[in-house]
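Here is how the chains run, residue by residue.
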Amino acid sequence: MLSSDARAFVGQFVELSYRDRKGDSSSVVAEVFDVNFLPLKGPCLITDVGDFRLDWITSVTATQQARAA
């Protein structure tokens, strides 16, 4: 995912699918706060549940619902 594509999701709740360090796929619903460059990580999607490297993200889909508490 390119940072220009990721910026379209800032301020939205999204369903985010990504690969972790081991290559396993995971999915989470998160609110996107920002897209920024983090030292030692590179370009990342900054969310309420953590930072996700853009090169590890496999798909992002906007959702209308907030994640369950």
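Owing to the predicted nature of the structure, the values given are computational and were not obtained by experimental measurement. (Residues numbered from 1 in each chain as written. Predicted model: local features only at pLDDT ≥ 70, side-chain atom pairs only at ≥ 80, totals over all residues. Heavy atoms only, no water.)

Describing the nonpolar core
Here is step 1 of the chain: Residues A6, F9, V14, L16, Y18, V32, V35, L45, F52, L54, I57 and V60 constitute the largest nonpolar core, which totals 12 residues.
Here is step 2 of the chain: At the level of elements, β1 (13–19), β2 (25–38) and β5 (57–63) are the ones that each hand at least two residues to this core.
Here is step 3 of the chain: Ranked by residue count, the leading element in this core is β1, at 3 residues.
Here is step 4 of the chain: Other than its neighbours up to four places away in sequence, V14 contacts F9, V28, V29, A30, V32, V60, T61, A62 and T63. (Core = buried A, V, L, I, M, F, W, Y, C linked by side-chain atoms within 4.5 Å. Buried < 20%, exposed > 50% of the residue type's maximum accessible area, 1.4 Å probe, protein only. Helix = DSSP H or I, 4+ residues; strand = E, 2+ residues; numbered from the N terminus. Contact = heavy atoms within 4.5 Å.)

Comments concerning the pairing of strand β3 (residues 42–47)
Here is step 1 of the chain: A large share of β3 lies buried, amounting to 5 of its 6 residues.
Here is step 2 of the chain: Here β2 pairs with β3 via 6 bridges, running antiparallel. Along β3, the bridge assignment pairs V35 with L45.
Here is step 3 of the chain: Counted along the chain from β2 to the antiparallel partner β3, the turn is 3 residues long, and its residue L40 has a positive phi close to 75°. (Pairing = 2+ DSSP bridges.)

Description of the sheet that holds β1
Here is step 1 of the chain: Strand order in the open sheet made by the 5 strands is β4-β3-β2-β1-β5, with antiparallel pairing throughout. Each having just a single partner strand, β4 (50–53) and β5 make up the two edges of the open sheet. If you compare each strand with its neighbour and ignore which way they point, the axes differ by 50° on average. (Axes fitted to C-alpha atoms, helices over the stretch in contact; angles between N-to-C directions.)

As for the pattern of salt bridges
Here is step 1 of the chain: Inspection of every chain in the model, using the stated rule, returns 1 salt bridge.
Here is step 2 of the chain: The partner of R53 in a salt bridge is D55, with the nearest N and O atoms 2.9 Å apart. (Salt bridge = Lys/Arg side-chain N within 4 Å of Asp/Glu carboxyl O.)

Side note on the packing of aromatic side chains
Here is step 1 of the chain: Under the counting rule described, the total for this entry stands at 1 aromatic pair.
Here is step 2 of the chain: Summarising the aromatic geometry, the rings of Y18 and F52 are spaced 4.8 Å apart at their centres and angled 55° between planes, so their arrangement reads as tilted. Highlighted residues: Y18 in strand β1 and F52 in strand β4, separated in sequence by 34 residues. (Phe/Tyr/Trp six-rings, centres within 6.5 Å; stacked < 30°, edge-to-face > 60°.)

Structural notes on the confidence of the model for the protein
Here is step 1 of the chain: The predicted model of the protein averages 91 in pLDDT, with 94% of residues at 70 or higher.
Here is step 2 of the chain: Averaged over each element, pLDDT in the protein is lowest for helix α1 (residues 3–6) (90) and highest for β1 (96). (pLDDT = per-residue confidence, 0-100.)

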